[in-house]
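Here is how the chains run, residue by residue.
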Amino acid sequence: MHTLQTKHLTKHFDTVKAITDLSISFEPGKITGVIGPNGSGKSTFINTLTGLTPITSGSIGVAEKVELTSIVSNDMPVYGITRTFQEVRLFEQMSVLDNILVVTTCRGWFKSIFEKHSAYHLAIAEKVLKRVGIWQFHNKLAVNLSYGQRKLLEIARVLAMSEIGKAQVIFFDEPYAGLFPEMVKLVSEIMKELRSEGKTVILVEHNMDLIRELSDKVIVLDSGTLLAEGNANHVLSRKDVVEAYLGE
Amino acid sequence: MESIVPQLMANSIIAGGIYALVALGFNLIYGATKFFNLTHGVIAAIGGYTVFYITKKNDSLASFFNQSIGGTVFAVLIGVLCAALVGYLLDKFLYKKLRDRKASPMVFLVASLGAFTCLQAFLAILFTSQFQTLGGGAGDIVTYTIFGGIITEVQAIVIVSVVVIMLVLGIFLKKSLFGKSVEAISDDEHVAKIVGIHTEKIISIVFVIGSAIAGLAGILVGYDTGLEPTMGMGLLLKGVIASIIGGIGNVYGGVLGAFLLGFVENFGIWKISGEWKDAIAFGLLIVFLIVRPQGILKR
């Protein structure tokens, strides 16, 4: 079981205070919704926790064992952290199947020179691609997929990481944007499954109905600081949250 | 009167072969790192000068390496390994530091130009700017006549080397997990990192392989025409043109572009002065940049 905690996490870009003194805890077996108006620091928050942006100060606690004052992208699989991106990021010139196989089979660089994908890795790839409903496109290049299919492939990559035990903490950065209703339903089901498997799921989303439906806890960011946290219905009914988020 | 066309074709294939060797390594490194590694040219020269040192300059080593054909092959191997080592060290102590600092492509370009200039000056200090040759006298040159065109033994080795390296490299990158990892890094290095690919180690190996191929190119040029410390820039520019017109980042595209460049250059100067060769090469590059900037083959 993995928890993820931030302690006094701060990220400043020169004079811009993107995140200031954030101390938040994410628990396993729960979906935590992260909301906030545009520019509230949601993306910076995820980027600092996933090694894309270095931390200015503060620390990140992983699984109550490791206290990190900096995190680099290479460390993320080691700490069981993975993510999707607001703007989908795939291995564009590789087939859909290879996008997953390269995740399931990557290991020591020396072994990678001689080893090939095994039936086990292929089975995982087939399983996750079927789960998100894009197995029929497995020979297609990722760059040729539709927007929705690309989103689903990114989610399949997360599932593949989970299957091989490298994803205990999962960030979903606006996974529903641009999806058809049936795809929205599918992604929600996947998130609930991950929760029931004990994963720490963090969902950044603007759709409040989905946040209410899925989140066990909601965190509201405003101007890089923590405005509110707690039960979804309670937090979303707070006047200061409504004012900050909806500008009302 | 005998036709000059067979010899022009032979010259085109030989020039294309040399450019292809440079383009193969350049494309491999560019594919993984997405920057114009200008040091690739001087690494070719380092390969050539390493063989020059152990077979010509240092008398005690030369007596050992020049004893038999096996000695020559061993010397070439040392030259290739030395070029690979320099490529590895450049990556470890220069390019990796820049990657860690998330430097822009312009910074990489300027840094590699600086390293290129330093290494080129180092070669000139060690070996003087005088033209040197690795091969024996003109009387020792073995030649073959193929379809009316004459090629030397070294030139035949160039062609065979290009074909073998292209096929081995192409199959290795296509079939191995290592190749998939290189492709993933090429597409998105950050995502490759977060899914657990050992990006730095793989980029280091890519530098080693690419630099080894450049070293072989420099050695073969040394045996074919000769060496001078400034040879790297000429080789690099032709390799880069070949890579761009063939399809940058594509192993087969680089080779295709190299042979196209070789043919256009050599047939282009059929009726005019050889001084036009470089102008024709860059003219071809400009045409491709306007008409088909992605090159003949896409990555």
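The structure this text deals with has already been given above.
**Q** An account of a nonpolar patch on the surface is requested, with residue identities and associated values reported.
**A** Residues and elements named next belong to chain B. A cluster of nonpolar side chains, namely Val-163, Leu-167, Ile-171, Tyr-252, Leu-256 and Leu-297, defines an oily patch on the protein surface of about 500 Å² accessible area. Every element with two or more residues in the nonpolar patch is listed here: helix H6 (153-175) and helix H11 (251-268). With 3 residues, H6 is the largest single contributor of residues to the nonpolar patch. Relative to the assigned elements, Val-163 resides in helix H6.

**Q** Run through the interface of chain A and chain B, naming residues and quoting values.
**A** Taken residue by residue, the interface counts 31 residues in chain A and 26 residues in chain B. Between chain A and chain B the total buried area reaches about 2,500 Å² when both faces are included, carbon and sulfur atoms providing 65% of it. Our enumeration of links across chain A and chain B arrives at 2 salt bridges. Here Asp-188 of chain B ties to Arg-89 of chain A by a salt bridge, and the two come within 2.8 Å at their closest N and O atoms. Inspection of the chain A/chain B interface yields 5 residue pairs in polar contact (both at pLDDT 80 or more). Taken together, the residues that form the side of chain A that touches chain B break down as 13 nonpolar, 9 polar and 9 charged.

**Q** I'd love a proper account of helix H4 (residues 69-100) of chain B, names of residues and values included.
**A** All names here are of chain B. Here H4 is 32 residues long and its end C-alpha atoms lie 45 Å apart, about the 46 Å a rise of 1.5 Å per residue gives. The sharpest bend along H4 measures roughly 40 degrees and falls at Asp-91. The positive-phi residue at the C-terminal boundary of H4 is Lys-102, with phi of around 50 degrees.

Rules used throughout
Residues numbered from 1 in each chain as written. Chains lettered and ligands numbered in written order. Predicted model: local features only at pLDDT ≥ 70, side-chain atom pairs only at ≥ 80, totals over all residues. Heavy atoms only, no water. Patch = residues over 30% accessible without salt bridge, like charges linked within 9 Å, V, L, I, M, F, W, Y side chains within 5 Å. Areas by Shrake-Rupley, 256 points an atom, 1.4 Å probe, with all protein chains shown as cover. Salt bridge = Lys/Arg side-chain N within 4 Å of Asp/Glu carboxyl O. Helix = DSSP H or I, 4+ residues; strand = E, 2+ residues; numbered from the N terminus. Contact = heavy atoms within 4.5 Å. Buried area = accessible area lost by both parts, 1.4 Å probe. Polar contact = N/O pair within 3.5 Å; in protein donor to acceptor, adjacent residues only side chain to side chain. Nonpolar A, V, L, I, M, F, W, Y, C, P; charged D, E, K, R; others polar. Expected span 1.5 Å × (residues − 1). Bend = angle between axes of the 7 residues up to and from the residue.

By themselves, these observations are geometric and do not establish any function.
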